[in-house]
Amino acid sequence: MIQGLLRYLLFLIKSYIQNLNRRRYRMIKFKKLLAIIMAVMLLVLSFSACGRNATQDEDNGTAKTGDEEIYIPIISKGFQHQFWQAVKSGAEKAAKDYNVKITFEGPETETMVDKQIDMLQTALDKNPDAICLAALDSKACAPLLEKAKEKNIPVVGFDSGVDSDIPVTTAATDNKAAAALAADKLAEAIGKEGEVGVIVHDQTSQTGVDRRDGFVNRIKEQYPNIKIVDIQYGDGDQLKSTDLAKAMIQAHPNIKGFFGANEGSIIGVLNAVKELNMEGKITVVGYDSGKQQIEAIKAGTELGAVTQDPIGIGYKAVEAAIKAIKGESLPKTIDTGYHWYDKSNIDSDDIKPLLYE
């Protein structure tokens, strides 16, 4: 309608100019022209106001209620493990189910904190409706979380919680409880006594801290005859974790067990045990999944592991972001569940869908 009126307005202006030498015609047309201009301006202002009410205002960050597509960037810890690809698939499924637009990215390795911060900054600059974040370093991302708060952009944590009150919720495994379960399984397997070692991916992310503390605290509280001889941090890198585990075994020749706190950590432990010909002599307990870990459990060189639900984590993170955009209340944490699996149930209907290669 507005486009038609504007075209008519242009036609009148053209006619007015062409007939400028005809005074009477000019005066009549000029009055009509003023009337049309005023009508068009009122209509444009009216439609503009409606449009602002129906979409997100970039200044106050209110949720969209019209036809404009909701946009949610998802920033993970990395891409080097299949775990993150499984999280991505869950997020993409939620985006399809809820008809929203997402992007999913992360640094090449889980040591690249600066690169993740750059990704978060870029995402904020696009004024999204919400952001999902698995923080590598809670302290490093704190200033940008404050910026998101100022812009009224809801932040949803996933997998690794953020040590801040700004995220509206966090979709994650109860990592402390899951790691405590791994401690129970390892303790039972070694007769509740002896020396054990721990390889963790980092001590800056919430998952690293929670899995370490969950395992260590359970051993200290329940198994006084088990001694944790060392805790090392391999950045989730298989090669680095292998070297750390080998050094630990060589420094403590009586070590009876190992806990690897994520996929990269446990693969490093498995590699070290194999390279030092200690398979069958050291009990290994892991976390997450992956082809090498699955094969080790089936072969009996790894006792078992705790699996999360990475697809569920990705799905629930996006779902929570959508609820936050709509102003719905959310719990502080969304427990996405965990399960112990070993040779006895690895191919069961309950466990198999949760494993990835």
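Since the structure is predicted, the reported quantities are computational estimates derived from the model, not experimental observations.

> Teacher, can you tell me more about the sheet that holds strand E10 (residues 304-307) here?
Sheet strands associate in pairs through backbone hydrogen bonding, adopting either a parallel or an antiparallel arrangement. Strands sit in the order E7-E6-E8-E9-E10-E12 across an open sheet of six strands; the sheet is mixed. A single partner strand is all that each edge strand has here, and the edge strands are strand E7 (226-233) and strand E12 (339-342). Across the sheet, the mean angle separating the axes of adjacent strands is 20 degrees when strand polarity is ignored. Here strand E9 (residues 283-287) pairs with E10 via three bridges, running parallel. Bridged to glycine 286 within E10 is alanine 305. Those strands touched by helix H9 (residues 263-275) are strand E6 (194-200), strand E8 (255-260) and E9, and its axis lies near 160 degrees from that of E9.

> Where do I start with the packing of helix H6 (residues 175-189) against helix H7 (residues 206-222) in this structure?
Angle between the axes and distance between the axes: these two values describe a pair of packed helices. Here H6 crosses H7 at 40 degrees, and the two axes come no closer than 7 Å. When the axes of H6 and H7 are compared, the pair comes out oblique. At the point where H6 passes H7, the crossing takes the right-handed sense. On H7, the residues that touch Asn175, Lys176, Ala179, Ala180, Ala182, Ala183, Asp184 and Leu186 of H6 are Thr207, Asp210, Arg211, Gly214, Phe215, Arg218 and Ile219. For the contact of H6 with H7, the per-class residue count stands at seven nonpolar, three polar and five charged.

> Got a minute to help me understand the packing of aromatic side chains in this structure?
By convention here, two paired aromatic rings are described through the distance between centres and the angle between planes. Summed over all chains, the structure comprises six aromatic pairs. Centroid distance phenylalanine 79 to phenylalanine 104: 5.9 Å. Interplanar angle 70 degrees. Geometry classified as edge-to-face. Taken together, the residues phenylalanine 79 in the loop between strand E1 (71-75) and helix H3 (82-98) and phenylalanine 104 in strand E2 (residues 101-105) connect sequence positions 25 residues apart. Take phenylalanine 79: its relative accessible area is 30%, and that puts it in the partly exposed class.

> It is not clear to me how the sheet that holds strand E11 (residues 333-335) should be interpreted in this structure. Could you clarify?
Overall, parallel pairing links the six strands, which are arranged E2-E1-E3-E4-E5-E11 in an open sheet. Each end of this open sheet is capped by a strand with a single partner; those strands are E2 and E11. If you compare each strand with its neighbour and ignore which way they point, the axes differ by 20 degrees on average. Examined bridge by bridge, E1 and strand E3 (residues 131-133) share two bridges and lie parallel to one another. Bridging across to E3, isoleucine 74 finds its partner in cysteine 132. Strands in contact with H3 are E1, E2 and strand E4 (155-158); relative to E2, the strand with the most contacts, it is inclined by about 175 degrees.

> Explain empty space enclosed by the protein to me, please; I cannot follow it from the model alone.
The rolling of a water-molecule-sized probe over the atoms marks out the regions of remaining empty space. Inspection of the entire model under this criterion finds two cavities of 30 Å³ or more. Of the voids in this model, the largest cavity is the one considered here, and its volume is about 90 Å³. Trp84, Glu110, Arg211, Asn262 and Asp288 are the residues nearest the centre of the largest cavity, which is lined by 13 residues in total. Tallied by class, residues from the lining of the largest cavity come to two nonpolar, five polar and six charged.

Scoring rules and cut-offs
- Residues numbered from 1 in each chain as written.
- Predicted model: local features only at pLDDT ≥ 70, side-chain atom pairs only at ≥ 80, totals over all residues.
- Heavy atoms only, no water.
- Pairing = 2+ DSSP bridges.
- Helix = DSSP H or I, 4+ residues; strand = E, 2+ residues; numbered from the N terminus.
- Axes fitted to C-alpha atoms, helices over the stretch in contact; angles between N-to-C directions.
- Contact = heavy atoms within 4.5 Å.
- Parallel < 35°, antiparallel > 145°, perpendicular 65-115°, else oblique.
- Left-handed = near helix turned anticlockwise from the far one by under 90°.
- Nonpolar A, V, L, I, M, F, W, Y, C, P; charged D, E, K, R; others polar.
- Phe/Tyr/Trp six-rings, centres within 6.5 Å; stacked < 30°, edge-to-face > 60°.
- Buried < 20%, exposed > 50% of the residue type's maximum accessible area, 1.4 Å probe, protein only.
- 1 Å grid on protein atoms, 1.4 Å probe; cavity = no way out; pocket = protein on both sides within 12 Å on 5 of 7 lines; lining within 4 Å.
- Points joined across faces, edges and corners; volume = space filled by probe spheres on them.

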